[in-house]
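Structural description and commentary
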Amino acid sequence: MTKPNLLSGMQPSASSLHLGNYLGALRQWVAMQQTHSAHYVIVDLHAITVAQDPKMLAENIRKTAAQYIAAGLDVDSSTLFIQSHVPAHSELAWILNCIASFGETSRMTQFKDKSQKGGSDNASVGLFTYPILQAADILLYQPKAVPVGEDQRQHLELTRNLAERFNNRYGKVFEMPEAVILKETAKIYDLQNPTAKMSKSAGEPKGIVNLLDEDSVISKKIKSAVTDTDGEIKFEPESKPGVSNLLGIYSAVSDKPISVLVESYQGVGYGQLKQDVADAVIATVSPIREKTNELMNDTSHLDSILEKGAAKARETADKTLRDVQNALGLIPNRNN
Ligand code: ATP
Ligand code: LTN
């Protein structure tokens, strides 16, 4: 039996992925590669929707790939590649730009949040059409499953709407993708601002646990996490966001249910909880850091993995693009 397709991706928008990226997405990717024909992409063209330093970007693209592999992605059974190595992503994005309405694209909350930062008049047009490029990333691979964190739900809904509109107008070309969002780890919060999501490009470094942070740095960040003053260890995200976030992280990295943790921490102080969370996070994260550093010592090996991945990805992507061109009445170029 053939395995259903899967696609997901992350932006190389920082020098390290963080615990939210890992628990919200990457860990699912590792589990789902067994049961799916999985495509994992480093979305460099999404990262340049905000200005990036060129030297840092090149380094961050490779580091993101290295972290995918270090976290457990199998480069033989999964397809790992860089978005800009597969030109069909940009080509389908243009076509979908012509299918998407200005109104529906304007409703994307991530654009509203991100464009506010530098004043919305200064936001790039690429930042506005970002979700449409994301729809192209997804639809090219005909995936059933798209494992992501909660913040991507709206982009997945847009992707489905565009696919449906295209299929209705021009005949069925696209499969309907489903977002796979794990409830428990769908949204990991910033340690300093526990009502905001942990994010690569927002927030201060103290609130973000990076996969590539040294053990001592992780420990310090978790010990200085913002909590509250009532001193009781309870899971109440509304009234106790800081403690609840720590419990959510602890549960995810220890595989112990939150209720069991809460029970076992009755009468214990926040200091002990933080110490234990830090130890459990370090046990999960430090092997990923070490393996990433090893992989970064041989970038030509890493580049050859990514080139092989792109060649494989192009086969699938180019076929979908040709079907799209045919359906639209464009004349596919037989030299491609
Ligand atoms: P940026 O701040 O540059 O937008 P990001 O930290 O939000 O970056 P992305 O590359 O946009 O990270 O996201 C990669 C994946 O990680 C997506 O599936 C996203 O939903 C998931 N993700 C990001 N942050 C979190 C979080 N705090 N909790 C759970 N999942 C998350
Ligand atoms: N917008 C996503 C990154 C992304 C993505 C994708 C995720 C770009 N293309 C395709 C899943 C599938 C984000 O996490 N910010």
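Now for a description of the structure that goes with this document. Since the model is a prediction, treat every value here as computed from it, not as a measurement.

**Details of helix 12 (residues 270-296)**
Look at helix 12: 37 Å from first C-alpha to last across 27 residues, which is about the 39 Å you get at 1.5 Å a residue. In helix 12, a bend of some 30° at Val285 exceeds every other bend along the element, and Pro287, a proline, comes one to four places later.

**A word on the site of ligand 2**
Near ligand 2, the surroundings consist of 13 residues, among which Gly9, Tyr130, Gln134, Asp137 and Gln152 are the closest. The contact in question runs from a nitrogen atom of ligand 2 to an N or O atom on the side chain of Tyr130, over 2.7 Å. Within the side chain of Asp137, an N or O atom sits 2.7 Å from a nitrogen atom of ligand 2. Across the complex, the protein chains shield 92% of the 360 Å² of accessible surface that ligand 2 would expose by itself. Among the cavities detected, the one that contains ligand 2 is the largest pocket. For the shell around ligand 2, the leading source of residues is helix 7 (residues 125-139), giving 4 residues.

**A look at the pairing of strand 1 (residues 5-10)**
Pairing of strand 1 with strand 2 (residues 37-42) involves 6 bridges; the strand directions are parallel. By the bridge assignment, Gly9 is partnered in strand 2 with Val41. Once you follow strand 1 into helix 1 (residues 19-32) and on to strand 2, the crossover reads as right-handed.

**Considering the packing of helix 3 (residues 54-70) against helix 13 (residues 299-328)**
The description of two packed helices rests on the angle between their axes and on the distance between the axes. Interaxial distance between helix 3 and helix 13 falls to 11 Å at its minimum, and their mutual angle equals 80°. It follows from the interaxial angle that helix 3 and helix 13 lie roughly perpendicular. Facing Arg62, Ala65, Ala66 and Ile69 of helix 3, the residues of helix 13 in contact are Thr299, Leu302, Asp303, Ile305 and Leu306. A class-by-class count of the residues in the contact of helix 3 with helix 13 yields 6 nonpolar, 1 polar and 2 charged.

About the thresholds
Residues numbered from 1 in each chain as written. Chains lettered and ligands numbered in written order. Predicted model: local features only at pLDDT ≥ 70, side-chain atom pairs only at ≥ 80, totals over all residues. Heavy atoms only, no water. Helix = DSSP H or I, 4+ residues; strand = E, 2+ residues; numbered from the N terminus. Expected span 1.5 Å × (residues − 1). Bend = angle between axes of the 7 residues up to and from the residue. Near = heavy atom within 4 Å. Polar contact = N/O pair within 3.5 Å; in protein donor to acceptor, adjacent residues only side chain to side chain. Areas by Shrake-Rupley, 256 points an atom, 1.4 Å probe, with all protein chains shown as cover. 1 Å grid on protein atoms, 1.4 Å probe; cavity = no way out; pocket = protein on both sides within 12 Å on 5 of 7 lines; lining within 4 Å. Sits in = over half its atoms within 2 Å of the grid points. Pairing = 2+ DSSP bridges. Right-handed = clockwise from strand over helix to strand, strands pointing away. Axes fitted to C-alpha atoms, helices over the stretch in contact; angles between N-to-C directions. Parallel < 35°, antiparallel > 145°, perpendicular 65-115°, else oblique. Contact = heavy atoms within 4.5 Å. Nonpolar A, V, L, I, M, F, W, Y, C, P; charged D, E, K, R; others polar.

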